[in-house]
Amino acid sequence: MLAPGKGKPSNPDSLHNAWIATMGILEKIAEIEKEISRTQKNKATEYHLGLLKAKLAKYRAQLLEPSKSAGAKGEGFDVMKSGDARVALIGFPSVGKSTFLSLMTSTESEAASYEFTTLTCIPGVIEYKGANIQLLDLPGIIEGAAQGKGRGRQVIAVARTADVVIMMLDATKGDVQRELLEKELESVGIRLNRTKPNIYFKPKKGGGLSYNSTVPLTQCSEKLVQLILHEYKIFNAEVLFREDCTPDEFIDVIVGNRVYMPCLYVYNKVDQISMEEVDRLARRPHSVVIRSDVCVHK
Ligand SMILES: Nc1nc2c(ncn2[C@@H]2O[C@H](COP(=O)(O)OP(=O)(O)OP(=O)(O)O)[C@@H](O)[C@H]2O)c(=O)[nH]1
Ligand SMILES: [Mg+2]
């Protein structure tokens, strides 16, 4: 379905073709992921693994290209950026995102005990030391969100525009939610709490590969770099490693459209777990523990 006034109506044939193409790519991604997981990591397999990872990144990029026939799939919600910073609330359904927005801002976002209560993006403003912070409540996302499950793609598109992501987690659900969401965001090129790899990379018109490093490299070699570049049909380029990066980081640099974003892990509903557990979660890096269903007078 297209939003009113956005693009032409989709033709069922082209939608069907787009669906078949997507299924083909998904199958290829699943095959490569399987192969990577059953390949032992050692010196003898490093080239094979590097190549598989380059292929995986390529198929994932194809999956994320907005398809011409499938309408506004890759678009976010229409919410204007405002204030000094934008914070996106990302989390599974019913973890308490809307409760938190209503608690922190003067905006009320409906909260309820059933899943998928929020269906769109609801902005609120937090004023802190003279700064206006735009807090965005978003629909819950689930596994497979990056491939279009639920409103996953739209939610992720909004997350890419944020300055900070708050990953809200249900403290009673253990680490499963966090691992799944990190995987989803990772697969669409969002890198959480990591800095951009310090690699200079410039494709050239000729002259072959000029490969150099200013530090000893333990994870990449000239041959591996060349193999990965060939996968992207790049035969002439200047590559300078300024830190000991992994093949994945090198692939990120070639692909280029990665976003490096700070993420705060917020464990909500700590009233439901033991003090020892609260203490354990609170000591994790980039993590805070909260309870958001408290009544306060604003
Ligand atoms: N025990 C407890 N319950 C909470 C807390 N915060 C929120 N809840 C409850 O959790 C349920 C879901 O809260 P919502 O704020 O609607 O969750 P959401 O993440 O916005 O959910 P979706 O919009 O479906 O993605 C509601 O029944 C809230 O009252 C908390 O800190 N402790
Ligand atoms: Mg909600």
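None of these values were measured; they are calculated from a predicted model.

1. Structural notes on the overall build of the chain
Of the regular secondary structure elements, the chain holds eight helices and 11 strands. Across the 298 residues that make up the chain, the buried fraction comes to 39%. Contacts in the chain between residues at least 24 apart in sequence constitute 68% of all its contacts with a sequence separation of at least 6. Accessible area of the chain: about 16,800 Å², with a carbon and sulfur share of 54%.

2. A short note on the sheet that holds strand β7 (residues 209–213)
Strand order in the open sheet formed by three strands is β6-β8-β7, and the pairing between neighbours is mixed. Sheet topology places β6 (199–203) and β7 at the edges, where each strand pairs with a single neighbour. Strand-to-strand, the axes of this sheet are offset by a mean angle of 5°, without reference to chain direction. Judged from the five bridges that link them, β6 and strand β8 (residues 237–241) form a sheet pairing that is antiparallel. Residue pairing in the sheet places Y200 in a bridge with L240 of β8. Sitting on the sheet, helix α6 (residues 222–231) is in contact with β6, β7 and β8, with an inclination near 135° to β7. Lying over the sheet, helix α7 (residues 247–255) contacts β6 and β8, oriented at roughly 45° with respect to β6.

3. Remarks on the coordination of the magnesium ion (ligand 2)
Each angle at a metal carrying four tetrahedral donors should ideally be 109.5 degrees, and each at a metal carrying six octahedral donors should ideally be 90 or 180 degrees. Binding of the magnesium ion (ligand 2) to the protein goes through S98 (OG) and T118 (OG1), at separations of 1.9 to 2.0 Å. Taken together, the positions of S98 in helix α3 (residues 97–104) and T118 in the loop between α3 and β2 (122–128) put the pair 20 residues apart, joining distant regions of the chain. Residues S98 and T118 agree in their burial class; the two are buried.

4. Side note on the sheet that holds strand β10 (residues 263–268)
The six strands are arranged β2-β3-β1-β4-β10-β11 in an open sheet whose pairing can be described as mixed. Bordering the open sheet on either side are β2 and β11 (287–289), each of which pairs with just one other strand. Along the sheet, successive strands turn relative to each other by an average axial angle of 25°, direction set aside. Taken together, the three bridges between β10 and β11 define a ladder with parallel strand orientation. Pairing of Y267 across the sheet is with V289, part of β11.

5. Describing a nonpolar patch on the surface
Residues W19, I20 and M23 make up a contiguous nonpolar surface patch of about 320 Å² in total accessible area. By secondary structure assignment, the location of I20 is in helix α1 (residues 12–38). Since its relative accessible area comes to 45%, I20 is described here as partly exposed.

6. Section: the packing of α6 against α7
Running from N to C, α6 and α7 point in directions that differ by 40°, and their axes come no closer than 11 Å. Between α6 and α7, the interaxial angle falls into the category oblique. Considering how the two elements wind past one another, α6 and α7 form a crossing that is right-handed. Where α6 approaches α7, its residues L224, V225, I228 and L229 are matched on the opposing element by P247, F250, I251 and I254. Residue composition of the contact of α6 with α7, grouped by class: eight nonpolar, no polar and no charged.

7. Digging into the site of ligand 1
Taken together, 23 residues lie around ligand 1, and K97, S98, T99, F116 and T118 are the ones closest in. The separation between an oxygen atom of ligand 1 and a polar side-chain atom of K269 is 3.2 Å. Look at ligand 1: alone it shows 660 Å² of surface, and the protein chains cover 88% of it. The greatest single-element share of the shell around ligand 1, amounting to three residues, is contributed by α3. Residue composition of the shell around ligand 1, by class: six nonpolar, 11 polar and six charged.

8. Thoughts on the confidence of the model for the chain
Looking at the chain as a whole, its pLDDT mean stands at 87, while 89% of the residues score no less than 70. Note on residues 1–8: pLDDT under 50 across the span, and eight contacts to partners over four residues away in sequence or across chains. For residues 67–74, every residue scores under 50 in pLDDT, and the model assigns this stretch 11 contacts once sequence neighbours within four places are set aside.

9. Thoughts on the packing of aromatic side chains
Taken as a whole and judged by the stated rule, the model has three aromatic pairs. Residues F201 and F250 carry aromatic rings whose centres are separated by 6.4 Å and whose planes lie at 85° to one another, so their mutual orientation is edge-to-face. Of this pair, F201 sits in strand β6 while F250 is found in helix α7, placing the two residues 49 residues apart along the sequence. There is no split in this pair, since F201 and F250 are both buried. Against the face of Y265 rests R178, its NZ or CZ located 3.6 Å from the ring centre.

Cut-offs and rules
Residues numbered from 1 in each chain as written. Chains lettered and ligands numbered in written order. Predicted model: local features only at pLDDT ≥ 70, side-chain atom pairs only at ≥ 80, totals over all residues. Heavy atoms only, no water. Helix = DSSP H or I, 4+ residues; strand = E, 2+ residues; numbered from the N terminus. Buried < 20%, exposed > 50% of the residue type's maximum accessible area, 1.4 Å probe, protein only. Contact = heavy atoms within 4.5 Å. Areas by Shrake-Rupley, 256 points an atom, 1.4 Å probe, with all protein chains shown as cover. Pairing = 2+ DSSP bridges. Axes fitted to C-alpha atoms, helices over the stretch in contact; angles between N-to-C directions. Donors = N, O, S within 2.8 Å, 3.2 Å for Na, K, Ca; no water. Patch = residues over 30% accessible without salt bridge, like charges linked within 9 Å, V, L, I, M, F, W, Y side chains within 5 Å. Salt bridge = Lys/Arg side-chain N within 4 Å of Asp/Glu carboxyl O. Parallel < 35°, antiparallel > 145°, perpendicular 65-115°, else oblique. Left-handed = near helix turned anticlockwise from the far one by under 90°. Nonpolar A, V, L, I, M, F, W, Y, C, P; charged D, E, K, R; others polar. Near = heavy atom within 4 Å. Polar contact = N/O pair within 3.5 Å; in protein donor to acceptor, adjacent residues only side chain to side chain. pLDDT = per-residue confidence, 0-100. Phe/Tyr/Trp six-rings, centres within 6.5 Å; stacked < 30°, edge-to-face > 60°. Lys NZ or Arg CZ within 6 Å of the ring centre and 35° of its normal.

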